[in-house]
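Geometric and topological summary
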Amino acid sequence: MITVRLFAAAADVVGTKQLKMQAETVADVIEQLSDAQTTTRVIARCSFLVDGSKAEPDAALDDGATVDVLPPFAGG
């Protein structure tokens, strides 16, 4: 089980700021969060951190990992 923390627009479209899920890779997290057209558009533009480090979709997740879902922020 991992913890997924969502920020700004990502939290808005998913409807929560944090959730627990089973996932083996960041791609699994993306797939589970992308269940509607609006959600898919937002999640596809996000950056992902795993335990504080930038991660690509193929990054493996250890049990207990924390994945942060960060949409683009204005000015950055």
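Here's what I pulled together on the structure shown here. Everything numeric here is computed off the predicted structure, so don't read it as measured data. (Residues numbered from 1 in each chain as written. Predicted model: local features only at pLDDT ≥ 70, side-chain atom pairs only at ≥ 80, totals over all residues. Heavy atoms only, no water.)

We now examine the environment of valine 69. Its location among the elements puts valine 69 in strand E5 (residues 66-70). Sequence-wise, valine 69 and phenylalanine 48 are 21 residues apart; in three dimensions their C-alpha atoms are separated by 5.0 Å. Leave out the neighbours within four places in its chain, and valine 69 touches Val4, Arg5, Leu6, Phe7, Ala10, Leu33, Ile43, Cys46, Ser47 and Phe48. (Helix = DSSP H or I, 4+ residues; strand = E, 2+ residues; numbered from the N terminus. Contact = heavy atoms within 4.5 Å.)

This part covers the pattern of salt bridges. One side chain can pair with another of opposite charge once the charged atoms of both are near each other. A complete count under the given rule lists 1 salt bridge for this structure. With a shortest N-O distance of 2.6 Å, aspartate 68 and arginine 5 are connected by a salt bridge. In this pair, aspartate 68 sits in strand E5 while arginine 5 sits in strand E1 (residues 2-6), placing the two residues 63 residues apart along the sequence. You can call aspartate 68 buried: its relative accessible area is 7%. (Salt bridge = Lys/Arg side-chain N within 4 Å of Asp/Glu carboxyl O. Buried < 20%, exposed > 50% of the residue type's maximum accessible area, 1.4 Å probe, protein only.)

Strand order across the open sheet formed by 5 strands is E2-E1-E5-E3-E4, with mixed pairing between neighbours. The open sheet has two free edges, formed respectively by strand E2 (18-21) and strand E4 (53-54), since each of these has just one partner strand. (Pairing = 2+ DSSP bridges.)

The values reported here are purely geometric and, on their own, carry no functional implication.
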